[in-house]
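Here's the letter readout for the chains.
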Amino acid sequence: TVGVTAIAVFAAHRMVQPLVLLENAVQSVGPDAILPHLPERGPAEVRATARALNSLSSRLRKAIESRMRLLAAAGHDLRTPITRMRLRAEFVEDDEERGLWLADLDELERIADSAILLVREESGKAAPETVWLDRLVADVARELKDQNLDVTVTEAQPVSVRANRLGLARALRNLMINAATHGKRASVMVEGSGDGKAQVLIEDEGPGIPPELLGQVFEPFFRVDPG
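Residues numbered from 1 in each chain as written. Predicted model: local features only at pLDDT ≥ 70, side-chain atom pairs only at ≥ 80, totals over all residues. Heavy atoms only, no water.

Attention shifts here to the overall build of the chain. Looking only at helices and strands, the chain has 5 helices and 5 strands in total. The 227 residues of the chain split such that 22% are buried. Partitioning the intrachain contacts of the chain with sequence separation of at least 6 by distance along the chain shows that 64% fall at a separation of at least 24. Only carbon and sulfur atoms are counted for the fraction: they give 58% of the accessible area of the chain, which is about 15,500 Å². (Helix = DSSP H or I, 4+ residues; strand = E, 2+ residues; numbered from the N terminus. Buried < 20%, exposed > 50% of the residue type's maximum accessible area, 1.4 Å probe, protein only. Contact = heavy atoms within 4.5 Å. Areas by Shrake-Rupley, 256 points an atom, 1.4 Å probe, with all protein chains shown as cover.)

Listed below in structure tokens is the structure:
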């Protein structure tokens, strides 16, 4: 009986090992959705599972890198026709019509720049640094006001955070632009708390986002309005 039990325990352990490896691999997936490299050692079942997961991770990484290169190329290629269209728009005689053309071209240019910046951030992530959030918000708001966007900082408590400055500035800029363009105007507050946390509140007067679409708002270039 003892021998049979020992054999059963050993067999069960051999069968469970690949499942444990798979579970640990899934739990260790990073924000970039890539599996970490797993050591291919141990029993044959474990080695086969690790080899399969490493192959899957490699294919995923190559697919993501390919999409990023395509995105960067599209962003760069858009700049040339946008420049040509801007030059032609300057010759439109009707002031209102010319303004509409230039506003659309500004939006296209921001989309192209966002694509390029997204690729740069993903391909070379900078180490976190100390960033004064109130100053960064003020700088972004001032930049957007110079572009004739209705952005106002109503309150800015001095608070610092550890973050990637470029990525944080890009996120704040995109949110403020969306609030000022699709929500009429942006009202921004920076708040700090005693427990070392910080909060940026950006309010607008737009229609809001339907609850069923909230899970998609962090996807690149997602828009609530399909038009």
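Attention shifts here to the sheet that holds strand S2 (residues 151–156). Taking strand neighbours across the sheet as the criterion, the 3 strands line up as S2-S4-S5 in an open arrangement whose pairing is mixed. A strand with exactly one partner marks an edge of an open sheet, and here the two such strands are S2 and strand S5 (198–203). Averaged over neighbouring strand pairs, the angle between their axes works out to 15° when direction is ignored. The sheet contact formed by strand S4 (residues 186–192) and S5 spans 6 bridges and is antiparallel. Paired with Met189 across the two strands is Leu201, which belongs to S5. Across the face of the sheet, helix H4 (residues 133–145) comes into contact with S2, S4 and S5 while running at roughly 160° to S2. Against the sheet, helix H5 (residues 165–182) contacts S2, S4 and S5, and its axis sits at roughly 25° relative to S5. (Pairing = 2+ DSSP bridges. Axes fitted to C-alpha atoms, helices over the stretch in contact; angles between N-to-C directions.)

Over its 18 residues, H5 runs 25 Å from end to end, which matches the ideal 26 Å to within 8%, given 1.5 Å per residue. Among the residues of H5, Gly167, Ala169, Arg170, Leu172, Met176, Ile177, Ala179 and Ala180 are the ones counted as buried. Between the side-chain oxygen of the N-cap and the backbone nitrogen of Gly167 there are 3.2 Å, and the N-cap of H5 in question is Asn164. (Expected span 1.5 Å × (residues − 1). Polar contact = N/O pair within 3.5 Å; in protein donor to acceptor, adjacent residues only side chain to side chain.)

Our focus in this paragraph is H4. Think of an α-helix as 3.6 residues a turn; residues three or four steps apart then line up on the same face. Compared with an ideal rise of 1.5 Å per residue, which puts 13 residues at 18 Å, H4 spans 18 Å between its outermost C-alpha atoms and is within 8% of the ideal. Structurally, H4 contributes buried residues whose contacts are with strand S1 (129–132), S2, strand S3 (160–163), H5, S4 and S5.

Counting residues in each nonpolar core, the largest one holds 19 residues, and the members touching the most others are Val137, Leu144, Val151 and Met176. Those elements that place two or more of their residues in this core are H4, H5 and S4. Leave out the neighbours within four places in its chain, and Met176 touches Val137, Val140, Ala141, Leu144, Val151, Ala186, Val188 and Ile202. (Core = buried A, V, L, I, M, F, W, Y, C linked by side-chain atoms within 4.5 Å.)

Another aspect to go through is a nonpolar patch on the surface. Taken together, the side chains of Ile209, Leu214 and Val224 present a nonpolar region at the surface, about 230 Å² in accessible area. Mapped onto the elements of the fold, Val224 is located in the segment after S5. Accessibility expressed as a relative area gives 34% for Val224, which makes it partly exposed. (Patch = residues over 30% accessible without salt bridge, like charges linked within 9 Å, V, L, I, M, F, W, Y side chains within 5 Å. Salt bridge = Lys/Arg side-chain N within 4 Å of Asp/Glu carboxyl O.)

A separate point is the pairing of S4. Relative to S4, S2 runs parallel, the two sharing 5 bridges. From the neighbouring strand, Val153 faces S4, where its bridge partner is Val188.

What follows is about the pattern of salt bridges. Applying the stated criterion across every chain yields a total of 8 salt bridges. Where Asp106 meets Arg86, a salt bridge forms, and the shortest distance between an N and an O atom there is 3.1 Å. Highlighted residues: Asp106 in helix H3 (residues 95–123) and Arg86 in helix H2 (residues 44–89), separated in sequence by 20 residues. For Arg86, a relative accessible area of 22% corresponds to the partly exposed category. A salt bridge links Arg98 to Asp95; its shortest N-O distance comes to 2.6 Å.

Summary statistics for the chain give a mean pLDDT of 78 and a share of 78% for residues scoring 70 or more. By mean pLDDT, the top-scoring element of the chain is S5 (93), and the lowest-scoring one is helix H1 (residues 2–27) (55). (pLDDT = per-residue confidence, 0-100.)

Now for a negative patch on the surface. Residues Glu93, Asp94, Glu96 and Glu97 make up a contiguous surface patch of negative charge. Here Asp94 lies in the loop between H2 and H3. By relative accessible area, which is 43% here, Asp94 ends up partly exposed. (Lys, Arg positive; Asp, Glu negative; His and termini not counted. Charge placed at Lys NZ, Arg CZ, Asp CG, Glu CD.)

With respect to the secondary-structure elements, Val190 resides in strand S4. Spatially, the C-alpha atom of Val190 lies 7.9 Å from that of Val137, the residues being 53 residues apart in sequence. Every residue in contact with Val190, bar those within four places of it in the chain, is listed here: Leu133, Asp134, Val137, Glu155, Ala156, Gln157, Val159 and Gln199.

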